[in-house]
Amino acid sequence: MKIAIDFGHGTGEDRGAEGYLNEEKAIREYGELVIDGLKLLGHTVINVTPATANLSLGQSLAYRVNAANNYKTDLFISLHVNAFRKDKARGCEVEYISDAGKGYADKICTEISKLGFVNRGSQKRTNLYVLKYTSMIAILVEPFFCDNREDCNLYSPKKLANAIIKGITGVDVYTEEENVTRNEKVEEGKRSNVLAIDHSIPNSPGVHAFPGGFGYFQIIPNSGRIDIHLDRYNYLTIQDDEKEGNRVIITTRTKGSKSLF
Ligand SMILES: [Zn+2]
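Residues numbered from 1 in each chain as written. Predicted model: local features only at pLDDT ≥ 70, side-chain atom pairs only at ≥ 80, totals over all residues. Heavy atoms only, no water.

Caption draft 1: Examining the overall build of the protein chain more closely. Along its length, the protein chain carries seven helices and 12 strands. By the compact-globule yardstick of 18 Å for 261 residues, the protein chain fits well, its C-alpha radius of gyration being 17 Å. Once the C-alpha set of the protein chain is aligned to its principal axes, its extents read approximately 50 × 40 × 40 Å. The buried share among the 261 residues of the protein chain stands at 50%. Put simply, 67% of the contacts in the protein chain that link residues at least 6 apart link residues at least 24 apart. A distance of 3 Å separates the average location of the 33 positive side-chain charges in the protein chain from that of its 34 negative side-chain charges. (Helix = DSSP H or I, 4+ residues; strand = E, 2+ residues; numbered from the N terminus. Rg over C-alpha atoms; globule rule 2.2 N^0.38 Å. Buried < 20%, exposed > 50% of the residue type's maximum accessible area, 1.4 Å probe, protein only. Contact = heavy atoms within 4.5 Å. Lys, Arg positive; Asp, Glu negative; His and termini not counted. Charge placed at Lys NZ, Arg CZ, Asp CG, Glu CD.)

Dropping the structure here:
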């Protein structure tokens with residue numbers, strides 16, 4: 001199958017939500033694993049996320065849709081993380097517009113809810129740009145709420161990616177034992193490094209620019225986590241939290257993420 005994957009935000013006016021976790025960062029974490037896993041299963045994956053840093057919202061949405069339509073993919077999957085009001089909503093939902101889309105949406109919701117997330121179910125949406133104007137089966141995945149503490153505690157990029165892939169293909173690509181070896185098979189050079197260099201500093205709570213206006217750090221509330229950013233997509237995560245444990249992760253724009261511990 002030829003599959004378009006869209007990392008839902010990340011350019012100019014098109015920015016993700018901010019909660020305990022940052023939507024754009026979470027999408028990149030689990031989205032890269034979705035792409036890698038689908039490729040391991042032999043699918044052709046096209047990352048339709050815009051490579052330009054300062055698009056308007058309209059340009060950003062049109063880019064994604066046009067790219068998928070031009071490549072004539074069989075499926076379009078837009079990846080997001082939901083947000084509402086702090087700790088007021090939780091769980092997974094998948095938006096669709098066609099009956100065929102509902103088939104995928106139902107299966108993905110079922111798989112994500114097996115990880116412990118509340119199943120909010122498939123939602124028909126006729127007014128979402130990326131669903132309306134794509135010419136193939138299209139869905140938009142909202143796996144959890146980044147402004148809900150319990151959801152953020154349940155979030156594991158690899159388990160989530162596995163659930164989404166299983167919903168699409170019926171196959172467990174990241175089983176516990178095979179995690180490491182399978183991931184190593186994905187050559188770094190093949191990663192979808194389409195994101196443009198972006199030195200903008202987000203106007204989000206917990207973000208503090210370094211003196212000189214280059215780079216920033218971000219305190220993720222109630223998570224024992226600080227991210228030190230060179231720019232939007234190159235950063236070091238240091239975390240020590242009773243619930244989430246002690247982790248150090250390096251994330252790069254072109255080579256994906258690597259957990260050191
Ligand atoms: Zn979103």
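Still more to cover.
Caption draft 2: Quick peek at the pattern of salt bridges. Inspection of every chain in the model, using the stated rule, returns 15 salt bridges. Between Arg225 and Asp227 there is a salt bridge whose closest N-O contact spans 3.1 Å. Arg225 sits in the buried class, given a relative accessible area of 4%. What makes Asp227 buried here is its relative accessible area of 0%. When salt bridges that share partners are traced, they join Arg15, Glu24, Asp198 and Arg232 into one network. (Salt bridge = Lys/Arg side-chain N within 4 Å of Asp/Glu carboxyl O.)

Caption draft 3: Representation of the sheet that holds strand β4 (residues 92–96) in the model. The mixed open sheet is built from six strands, whose spatial order is β2-β1-β3-β6-β4-β5. On the outer flanks of this sheet lie β2 (44–47) and β5 (119–124), each paired with one strand and no other. Sheet twist, expressed as the mean angle between neighbouring strand axes with direction ignored, is 20°. Sheet topology note: the β4/strand β6 (residues 137–142) ladder contains four bridges and is antiparallel. Directly across from Glu95, in β6, lies its bridge partner Leu140. The strands touched by helix α2 (residues 57–71) within the sheet are β1 (2–7), β2 and β3 (75–79), with β1 carrying the most contacts at an inclination of about 170°. Contacts between helix α3 (residues 99–113) and the sheet are confined to β3, β4, β5 and β6, with β4 contributing the most and set at about 170° to the helix. (Pairing = 2+ DSSP bridges. Axes fitted to C-alpha atoms, helices over the stretch in contact; angles between N-to-C directions.)

Caption draft 4: Fine view of the sheet that holds strand β7 (residues 207–209). Strand order in the open sheet formed by six strands is β7-β8-β9-β10-β11-β12, with antiparallel pairing between adjacent strands. The sheet terminates laterally at β7 and β12 (256–259), the two strands that pair on one side only. When strand polarity is set aside, the average angle formed by the axes of neighbouring strands in this sheet is 15°. The pairing of strand β10 (residues 235–241) with strand β11 (residues 245–252) spans seven bridges and is antiparallel. Pairing of Thr237 across the sheet is with Ile249, part of β11.

Caption draft 5: Region of interest: the packing of α3 against helix α6 (residues 157–169). For the pair α3 and α6, the least separation of the axes is 8 Å and the interaxial angle reads 145°. In this structure, α3 meets α6 at a crossing whose hand is right-handed. Every residue of α6 that contacts α3 at Tyr104, Lys107, Ile108, Glu111 and Ile112 is listed here: Leu160, Ala163, Ile164, Lys166, Gly167 and Ile168. The residue makeup of the contact of α3 with α6, split by class, is seven nonpolar, one polar and three charged. (Left-handed = near helix turned anticlockwise from the far one by under 90°. Nonpolar A, V, L, I, M, F, W, Y, C, P; charged D, E, K, R; others polar.)

Caption draft 6: View of the packing of helix α1 (residues 23–40) against α6. The N-to-C vectors of α1 and α6 enclose an angle of 45°; their axes lie 8 Å apart at closest approach. As judged from the angle between their axes, α1 and α6 are oblique. Crossing geometry of α1 relative to α6 is assigned as right-handed. In contact with Glu29, Tyr30, Leu33, Val34, Gly37 and Leu38 of α1, α6 contributes Pro157, Lys158, Leu160, Ala161, Ile164, Ile165 and Thr169. Its residues placed into classes, the contact of α1 with α6 shows nine nonpolar, two polar and two charged. (Parallel < 35°, antiparallel > 145°, perpendicular 65-115°, else oblique.)

All we've got here are geometric facts, nothing functional implied.
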